[in-house]
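# Structural features, examined
Each chain, written out:
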Amino acid sequence: MALTATSTALSADDPSEVLRELIDKTSAPYLMQSEQNIMMMEDSPALWTIEEGEALYRFPRGNNLVSLETCDFGKGPGVLEGAYVELPRYFEDTGKVMDLETRLVHCMKTLQGFTDKDKEIKKRHGSKSDHMKLQTYIASKSNGMPWNPPLDHPLEKAMRDAGEVMFYRRAGSHDFNCATCHGENSKRIRASVLPDIHTPEEWTKAISWPAFRVGHDNVRSSQHRARGCYWQMRQAGLVAGSDASIAILSFWTDAARGQPAIIPDMKR
């Protein structure tokens, strides 16, 4: 299932090629730490998730029996190429900065007529959920393209700045912050090399979600990863779709600006 490359992308049709070009460029230990995962990327189970997501995207569903093909993810109704790498962003129709998950929920409710009580909205984790199928398909259309979240609107910049504060704010029983693990080069947790936010070539892989997580045997999203990090720091739980969750994703994405997205990635 070839993904179309553009003039703004690295000359790669699949995420494994994007990763290999980064490795050739930097030889960063974080990028190379799992030879098995790199070998398996071409046959990633996430590729099936993409196919299932495309079918859901085009199929009329919900109380209104319409597809998601007119949903605007930031580049116009129905335009998916390059949309994901420009999220989170401000949307005029909601007056909010939204990431992929919250924008998808918005379109499923306003276009298709789903409600908060419907499982299609409520279940957002795991490869079998509609959300992960749709998010993986939509995000895959930005594979190899550079992260470029807009900062033109005051709320976009405010979210990014709030995310930076959150990244460096120590809290919880262990007095951790995100920078505890991701603020220096070549840090490890046991055998795992941790990505350094100051090394953009590493950081782009760190934030390249959706990704198939081998240890979970499931595709996971950015929101899922962010909540996992806060749990590991023993800080207060991050609420899905909250301004706080979007703020931290805004800062994460801005830190990888200009680097190619690896979607879907494969992680430990």
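Located above this text is the structure these notes cover.
A brief look at the structure comes next. Given the structure is predicted, the values throughout are model-derived calculations rather than measurements.

## Here we look at the sheet that holds strand E6 (residues 218-220)
- The sheet built from three strands is open, its strands ordered E6-E5-E7 with mixed pairing. Strands with a single pairing partner mark the edges of an open sheet, and in this sheet they are E6 and strand E7 (265-267). Averaged over all pairs of adjacent strands, the angle between their axes in this sheet comes to 35°, without regard to strand direction.
- In terms of strand pairing, strand E5 (residues 211-213) meets E7 through three bridges, oriented parallel. What sits directly across from Arg213, in E7, is Lys267.

## A short note on helix H5 (residues 100-110)
- By the criterion of burial, H5 is predominantly enclosed, with eight of the eleven residues buried.
- Within H5, burial applies to Leu100, Glu101, Thr102, Arg103, Leu104, Val105, Cys107 and Met108.
- Those residues of H5 that are buried lie in contact with strand E1 (89-91), strand E2 (96-98), helix H6 (119-122), helix H7 (130-140), helix H11 (222-232) and helix H12 (243-255).

## Structural notes on the side chain of Asp254
- Within the secondary structure layout, Asp254 lies in helix H12.
- Asp254 sits in the buried class, given a relative accessible area of 15%.
- A polar contact of 2.8 Å, which involves the side chain of Asp254, links it to the side chain of Arg257.
- Beyond its immediate chain neighbours, meaning those up to four positions away, Asp254 contacts Pro149, Leu151 and Arg160.

## Quick look at the environment of Phe212
- You can see Phe212 is positioned in strand E5.
- Spatially, the C-alpha atom of Phe212 lies 12 Å from that of Ile262, the residues being 50 residues apart in sequence.

## Here's the deal with the state of the cysteines
- Scanning all chains against the criterion turns up one disulfide.
- Here Cys71 connects covalently by a disulfide to Cys107, the sulfurs 2.0 Å from one another. In this structure, the disulfide formed by Cys71 and Cys107 twists by about 75° around the S-S bond and is classed as right-handed. Taken as a pair, Cys71 in the loop between helix H4 (46-58) and E1 and Cys107 in helix H5 lie far apart in primary sequence, 36 residues in all.
- On the accessibility criterion, Cys71 (1% relative accessible area) is buried.
- Judged by its relative accessible area of 3%, Cys107 falls in the buried class.
- Here Cys178 stays unpaired: no disulfide links it, and the sulfur of Cys229, its closest cysteine neighbor, is 6.5 Å away.

## Here we look at the side chain of His131
- Secondary-structure assignment places His131 in helix H7.
- Apart from residues lying up to four places away in sequence, His131 is in contact with Glu101, Leu104, Val105, Met108, Glu120, Ile121, Lys123 and Arg124.

## With respect to the pattern of salt bridges
- Evaluated as defined, the whole model comprises 17 salt bridges.
- Here Lys119 ties to Glu120 by a salt bridge, and the two come within 3.3 Å at their closest N and O atoms.
- Classification of Lys119 by relative accessible area gives exposed; the value is 59%.
- Classification of Glu120 as buried rests on a relative accessible area of 16%.
- One salt-bridge network, held together by shared partners, links Lys157, Arg160, Asp161, Glu164, Asp254 and Arg257.

Calculation rules
Residues numbered from 1 in each chain as written. Predicted model: local features only at pLDDT ≥ 70, side-chain atom pairs only at ≥ 80, totals over all residues. Heavy atoms only, no water. Pairing = 2+ DSSP bridges. Helix = DSSP H or I, 4+ residues; strand = E, 2+ residues; numbered from the N terminus. Axes fitted to C-alpha atoms, helices over the stretch in contact; angles between N-to-C directions. Buried < 20%, exposed > 50% of the residue type's maximum accessible area, 1.4 Å probe, protein only. Contact = heavy atoms within 4.5 Å. Polar contact = N/O pair within 3.5 Å; in protein donor to acceptor, adjacent residues only side chain to side chain. Disulfide = S-S within 2.5 Å. Salt bridge = Lys/Arg side-chain N within 4 Å of Asp/Glu carboxyl O.

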